[in-house]
Amino acid sequence: MSTQFRAASVSGVHKTFGRVQALSDINWGTASGEWWGIVGPNGSGKSTLIRLLSGVDKPDAGIVHIQGRDAAAYRRKELSRIVAVLQQEGVPPVGYTVRDVVEMGRYPHLDWAGKDADADIVERVLDQLGLAPLAERKLDELSGGQRQRVALAKVMAQDPQILLLDEPTTYLDLHYQLQFMEMLAEWRAKAGITIIAVLHDLNLAAQFCDSLLVLKNGRIEGAGTAAEMLTEDNIRRWFGVDSHVMPHPDSAVPQLMLKRRE
Ligand code: ADP
Ligand code: MG
């Protein structure tokens, strides 16, 4: 491995489910503090890669390194102090309060007596995300956008160094999508965390991520900046659609408009 410090990396990784080759020979890594977007068509292996990076699944071959150490060598709680995961629907709408859920994020940091070295962090996170007024509300009384904000608060309270997200904005309206991405950006700017996010919205990905990893059929199709990855030719090859790609008026990152059939 290179001497450059890697927050997370995979080398020679394969993963099959029955006869489906979900990932084939994946070699990739991220330096600390980067924001990677993982993009690609349905079934391309994006969620599988997130599950391997989070340590919940093991590769059939190859190795996953988290901060230079085999992910399989960590104890569960120890890995949870480094890596946090936020799923599409971050928290189930069950009878917990907002504060309960955010407190669950602290579990990896509690000592044998259940004592938390950072006793204020839950309140700080609730404040920071504007959730303090909702703290005693039950999750099933919240909107989808608010629930996803609670899920973010939970992983923030977990205080990880690496955040993994799998399509975190899929069920959110435009307002909450943008708000969610802005909150991630702010968190990264403040805490210097590494973010690896499966995103299906290529325009949002281009605006927020430093780099994109493109998967298709379980293989890496490309890795690089949005400007390098999101070309009309690539979009056609990867997704089978014709598009116009144009620079965003504010930032010049590529933005995509779909073409209809003539
Ligand atoms: P993506 O997230 O890019 O849509 P996935 O990583 O979920 O893709 O899936 C990649 C491939 O592996 C798909 O063909 C999917 O059906 C298959 N797959 C993923 N997880 C499982 C599983 N637990 N059992 C069987 N097949 C799976
Ligand atoms: Mg998926």
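What counts as what
- Each chain carries its own residue numbering, running from 1 in the written order of its sequence.
- Each chain is given a letter, starting from A, and each ligand a number, starting from 1, according to the order in which they appear as written.
- Where totals are concerned, whole chains, interfaces and linings use all residues; where local detail is concerned, this predicted model gives features only for residues with pLDDT of at least 70, and gives and counts side-chain atom pairs only at 80 or more.
- Side-chain numbers come from the whole structure's heavy atoms, not from hydrogens or water.
- By definition, any uninterrupted DSSP run of H or I lasting at least four residues is a helix, any uninterrupted run of E lasting at least two residues is a strand, and each is numbered from the N terminus.
- Throughout this description, buried means an accessible area under 20% of the type-specific maximum (1.4 Å probe, protein chains only), exposed means over 50%, and partly exposed covers the range between.
- Contacts between residues were defined by any pair of non-hydrogen atoms, one from each residue, lying within 4.5 Å.
- To be clear on the numbers: accessible area is Shrake-Rupley with a 1.4 Å probe, and residue cover counts the displayed protein chains and nothing else.
- Neither His nor the chain termini are counted; the positive set is Lys and Arg, and the negative set is Asp and Glu.
- One atom stands in for each charge, and that atom is NZ of Lys, CZ of Arg, CG of Asp or CD of Glu.
- We define a salt bridge as a side-chain nitrogen of Lys or Arg found within 4 Å of a carboxyl oxygen belonging to Asp or Glu.
- The near set for a molecule or strand comprises every residue that places at least one heavy atom within 4 Å of it.
- Here a polar contact means two N or O atoms within 3.5 Å. Within protein one must be a hydrogen donor candidate and the other an acceptor candidate, and residues neighboring in sequence count only if both atoms are side-chain atoms.
- By the convention adopted, Pro, Cys, Tyr, Trp, Phe, Met, Ile, Leu, Val and Ala count as nonpolar, Lys, Arg, Asp and Glu as charged, and the other residues, Gly among them, as polar.
- Paired strands, as defined in this entry, are two strands with at least two bridges between them according to DSSP.
- For every element, the axis is a line fit to its C-alpha atoms; helices are fit only across the contacting stretch, and the angle between N-to-C directions ranges from 0 to 180 degrees.
- Convention used here: angles under 35 degrees read as roughly parallel, angles over 145 as roughly antiparallel, angles from 65 to 115 as roughly perpendicular, and any remaining angle as oblique.
- Each crossing gets its handedness from the near helix: less than a right angle anticlockwise from the far helix is left-handed, clockwise is right-handed.

Under the annotation held in an unreviewed UniProt entry, the protein chain carries the name ABC transporter ATP-binding protein and is attributed to Paenibacillus enshidis.

Asker: How should the overall build of the protein chain be read in this particular structure?
Answerer: When you go through the protein chain residue by residue, the secondary structure sums to nine helices and 12 strands. Its C-alpha atoms give the protein chain principal-axis dimensions of roughly 60 × 40 × 35 Å. Burial statistics for the protein chain: of 262 residues in total, 48% are counted as buried. When contacts within the protein chain are restricted to residue pairs at least 6 apart in sequence, long-range pairs at least 24 apart make up 66% of them. Entry remark: accessible area of the protein chain is about 13,100 Å², with carbon and sulfur atoms responsible for 49%. The protein chain carries 29 positive and 33 negative side-chain charges, and their two centres are separated by 5 Å.

Asker: Whenever I open this one, the pattern of salt bridges confuses me. Can you help?
Answerer: Side chains that differ in charge, positive against negative, can pair when their charged atoms come close. Applying the stated criterion to the full structure yields 12 salt bridges. A salt bridge links Asp 57 to Arg 51; its shortest N-O distance comes to 3.1 Å. With relative accessibility at 39%, the residue Arg 51 sits in the partly exposed group. A salt bridge links Glu 123 to Arg 99, with the shortest nitrogen-to-oxygen separation between them at 2.3 Å.

Asker: Looking at this model, I keep getting lost on the site of ligand 1. Mind explaining?
Answerer: Taken together, Phe 17, Val 20, Ala 22, Pro 41, Asn 42, Gly 43, Ser 44, Gly 45, Lys 46, Ser 47 and Thr 48 make up all the residues around ligand 1. Here an oxygen atom of ligand 1 and a backbone polar atom of Gly 43 are 2.7 Å apart. For ligand 1, whose free accessible area comes to 560 Å², the fraction covered by protein is 57%. Every element with two or more residues in the shell around ligand 1 is listed here: β2 (20-31) and α1 (46-53). Ranked by residue count, the leading element in the shell around ligand 1 is α1, at three residues. Broken down by class, the residue content of the shell around ligand 1 amounts to four nonpolar, six polar and one charged.

Asker: I would appreciate a short explanation of the sheet that holds strand β6 (residues 83-86) in the present structure.
Answerer: What links the strands of a sheet is backbone hydrogen bonding, and the strands pair in either a parallel or an antiparallel sense. What the six strands build is an open sheet, ordered β6-β7-β8-β3-β9-β10; its pairing is mixed. In the strand order of this sheet, the two ends are held by β6 and β10 (219-224), each with one partner. Across this sheet, the average inter-strand angle for adjacent strands is 15°, counted without regard to direction. Note: strand β3 (residues 35-39) against strand β8 (residues 194-198), four bridges, orientation parallel. Note on β8: the bridge partner recorded for Ile 38 is Val 198. Its contacts with the sheet place helix α5 (residues 144-158) against β6 and β7 (162-166), and it is angled at close to 175° to β6.

Asker: Help me understand the packing of α5 against helix α6 (residues 174-191) in this model?
Answerer: Angle between the axes and distance between the axes are the two parameters that describe a pair of packed helices. Two elements in contact, α5 and α6, have axes whose closest approach is 10 Å; the angle formed by their N-to-C orientations is 15°. Relative to α6, the element α5 is oriented roughly parallel. As α5 packs across α6, the resulting crossing turns out to be right-handed. Residue-level contacts link Gly 145, Gln 146, Gln 148, Arg 149, Leu 152, Val 155 and Met 156 of α5 to Tyr 176, Gln 179, Phe 180, Met 183, Leu 184 and Trp 187 of α6. Residue classes in the contact of α5 with α6 are distributed as eight nonpolar, four polar and one charged.

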